[in-house]
Amino acid sequence: KAGVTQTPRYLIKTRGQQVTLSCSPISGHRSVSWYQQTPGQGLQFLFEYFSETQRNKGNFPGRFSGRQFSNSRSEMNVSTLELGDSALYLCASSLVGQSGNTIYFGEGSWLTVV
Amino acid sequence: KQEVTQIPAALSVPEGENLVLNCSFTDSAIYNLQWFRQDPGKGLTSLLLIQSSQREQTSGRLNASLDKSSGRSTLYIAASQPGDSATYLCAVRGDSWGKLQFGAGTQVVVTP
């Protein structure tokens, strides 16, 4: 079965622009989470969506937002990009409420802000 | 606030040696703990998941132990191979939802 799919894989944006990243979870997974990975801060939790509702949110400014659609696909948006937003953005999906619910990650979207 | 630490940050071993990777966490009230592998420029690959009620989990050459009371988990990789070279990350979950708290990872190099 297909894994977590993220698009685009690589993108370059200019400061002040906005960007939208997309994530398709594993079929049947209704929980989608987003993480930011940078060399300095490591992996940090952005937010989690379940059944189109934001379930949990990390400590990021309001420029970072997301949403989930009825088919569980999710998008995250970063507005007014800053150089420090350059990072690998990872999407993860999982089942919820079941024991042994492994979290699976996609290959990530590499964002470079210039 | 949960904090996850992985020591050492990096290690290099000759092929064939066993690898021992450590992970510690400050709050023992975890739901489960998951070990991941990350190759350069890639996403995370799940290796093992240990439920809070379990003491260990095994998959092939990999074995992970969990001691919740002392806030520690150890990942053992037997008979290391150059293909095991990667960064290994542990992450804890506080409940059944998807928020993971990650350690900084251990970068492993296995030399032929």
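Figured I'd write up the structure that's included with this text.

A few words now on the sheet that holds strand β7 (residues 62-67) of chain B. All names here are of chain B. Read across the open sheet, the five strands follow the order β1-β3-β8-β7-β6; overall the sheet is antiparallel. The open sheet has two edge strands, β1 (4-7) and β6 (56-59), and neither has a second partner. For this sheet the average axis-to-axis angle between neighbouring strands, irrespective of direction, equals 15°. Bridge count for β6 against β7 is four bridges, and the pairing is antiparallel. Bridged to E56 within β7 is S65.

A separate point is unusual backbone geometry. The omega angle of the peptide bond from A:T7 to A:P8 is -10°, so this bond is cis rather than trans. Structurally, A:P8 can be placed in the loop between β1 (5-7) and β2 (10-13). B:P8 follows B:I7 through a cis peptide bond whose omega is 0°. Inspection of the secondary structure puts B:P8 in the loop between β1 and β2 (10-14). For A:S72, which is not glycine, the phi dihedral falls at a positive 75°. Mapping A:S72 onto the fold places it in the loop between β7 (64-68) and β8 (74-78). Overall, A:S72 belongs to the buried group, its relative accessible area being 12%. Its identity is not glycine, yet B:A79 carries a phi of approximately 45°, on the positive side.

How each quantity is defined
- Residues numbered from 1 in each chain as written.
- Chains lettered and ligands numbered in written order.
- Predicted model: local features only at pLDDT ≥ 70, side-chain atom pairs only at ≥ 80, totals over all residues.
- Heavy atoms only, no water.
- Pairing = 2+ DSSP bridges.
- Helix = DSSP H or I, 4+ residues; strand = E, 2+ residues; numbered from the N terminus.
- Axes fitted to C-alpha atoms, helices over the stretch in contact; angles between N-to-C directions.
- Buried < 20%, exposed > 50% of the residue type's maximum accessible area, 1.4 Å probe, protein only.

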